[in-house]
Amino acid sequence: MARIDDAIKDLIVETGRNMITTGMTVGTWGNISVRDPEHGYMYISPSGMNYDSIERHHVVVLDLELNHIDGEFEPSVEKHMHAAAYRTRADVHAVVHTHPIYSSVFGVVEMPLPAVSEDFAQIVGASVSVALPYALPGTPELGRVAAQALGSNNAVILPRHGALSVGPTMEMALKVSRVLEKNAQIYLYARLLGEPKLFAPGEVEMMQSFMQDHYGRKNREMSAAQRP
Ligand SMILES: [Zn+2]
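In total, this model carries 2 aromatic pairs according to the counting rule given. Measuring from ring centre to ring centre gives 6.3 Å for Y102 and Y189, while their planes differ by 50 degrees; the resulting arrangement is tilted. In this pair, Y102 sits in helix α3 (residues 101-108) while Y189 sits in helix α6 (residues 170-193), placing the two residues 87 residues apart along the sequence. Looking at Y102, the relative accessible area reads 26%, which means it is partly exposed. Exposure remark for Y189: the relative accessible area of 45% places this residue in the partly exposed category. Centre to centre, the rings of F106 and Y187 are 5.7 Å apart; their planes meet at 45 degrees, and the pair counts as tilted.

Our next topic: the pairing of strand β9 (residues 162-167). Counting buried positions over the 6 residues of β9 gives 6, a clear majority of the element. Relative to β9, strand β5 (residues 94-98) runs antiparallel, the two being bridged by 5 bridges. What sits directly across from T98, in β9, is A163.

This part is about the packing of α3 against α6. Contact geometry of α3 with α6 gives a least axis separation of 7 Å together with a crossing angle of 65 degrees. What the angle tells us is that α3 and α6 run roughly perpendicular. Seen from above, α3 lies across α6 with left-handed handedness. Contacts between α3 and α6 involve I101, Y102, S103, V105 and F106 on the former and, on the latter, L180, E181, A184, Q185, Y187, L188 and Y189. Here the contact of α3 with α6 is built from residues that sort into 9 nonpolar, 2 polar and 1 charged.

Now for the coordination of the zinc ion. For a metal bound by four donors in tetrahedral geometry, the ideal donor-metal-donor angle is 109.5 degrees, whereas six donors in octahedral geometry ideally sit at 90 or 180 degrees. Protein coordination of the zinc ion is provided by H97 (NE2), H99 (NE2) and H161 (NE2), with donor distances spanning 2.1 Å. Binding-site remark: the zinc ion is held by donors from one chain whose sequence spacing is H-x1-H-x61-H. Here the residue H99 occupies a position in the loop between β5 and α3, and H161 occupies one in the loop between β8 (155-158) and β9, the gap between them amounting to 62 residues. Assessed through its relative accessible area of 27%, H99 is described here as partly exposed.

A word on the packing of helix α1 (residues 6-21) against α6. For the pair α1 and α6, the least separation of the axes is 12 Å and the interaxial angle reads 20 degrees. Here α1 lies roughly parallel to α6, going by the angle between them. Viewed along their axes, α1 and α6 form a crossing whose handedness is right-handed. Counting all contacts with α1, which are made through L11, T15, N18 and M19, the residues of α6 involved are M170, L174 and R178.

Rules behind the numbers
- Residues numbered from 1 in each chain as written.
- Predicted model: local features only at pLDDT ≥ 70, side-chain atom pairs only at ≥ 80, totals over all residues.
- Heavy atoms only, no water.
- Phe/Tyr/Trp six-rings, centres within 6.5 Å; stacked < 30°, edge-to-face > 60°.
- Helix = DSSP H or I, 4+ residues; strand = E, 2+ residues; numbered from the N terminus.
- Buried < 20%, exposed > 50% of the residue type's maximum accessible area, 1.4 Å probe, protein only.
- Pairing = 2+ DSSP bridges.
- Axes fitted to C-alpha atoms, helices over the stretch in contact; angles between N-to-C directions.
- Parallel < 35°, antiparallel > 145°, perpendicular 65-115°, else oblique.
- Left-handed = near helix turned anticlockwise from the far one by under 90°.
- Contact = heavy atoms within 4.5 Å.
- Nonpolar A, V, L, I, M, F, W, Y, C, P; charged D, E, K, R; others polar.
- Donors = N, O, S within 2.8 Å, 3.2 Å for Na, K, Ca; no water.

Spelled out as structure tokens, the structure:
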């Protein structure tokens, strides 16, 4: 019998509460999951529950073919989309799906969102695609289309629906989700004032490799060395 990791369930609970207090989602919309590095199982938030009432025993564990592993509650209806992201990206261990205002605008006009801020360029990519054609929420089709449009980026916009952000950790997936929304807001305001200036070819890749290789690396190594 597979060992179920309560620490991962607690991470889902805490992240859900954090999403409510930071205004990242409204009511029961949006859903989050984490991939267990040991077994590859997906720990996902339950369907239709307010994040402030979710407790450890409400979290559902599935394998990536969506077979039930643990938990008595119904998993999020977007389980197909979460599993599709893990199946297509070995580097992804956390998925956050939200219904944010500014990023969703790009899904309504079906327009890709270009990088217009350095944080977005560093951790999301040169631009984020809209997952087309439109697929109904909760369908395996939405999972297929979203995973394909995600490609090697860390976020994708779902037309007339919301956004999907991924990362190697939940902390990073949440950061991507916030930076995506901030970049969308900046781009929209910039369009009101004039024509936004975009990064030159190669600049985004340079920022990404700098981020990976240098930025904060010494501090990260020092804090790892100091850990007991
Ligand atoms: Zn949704």
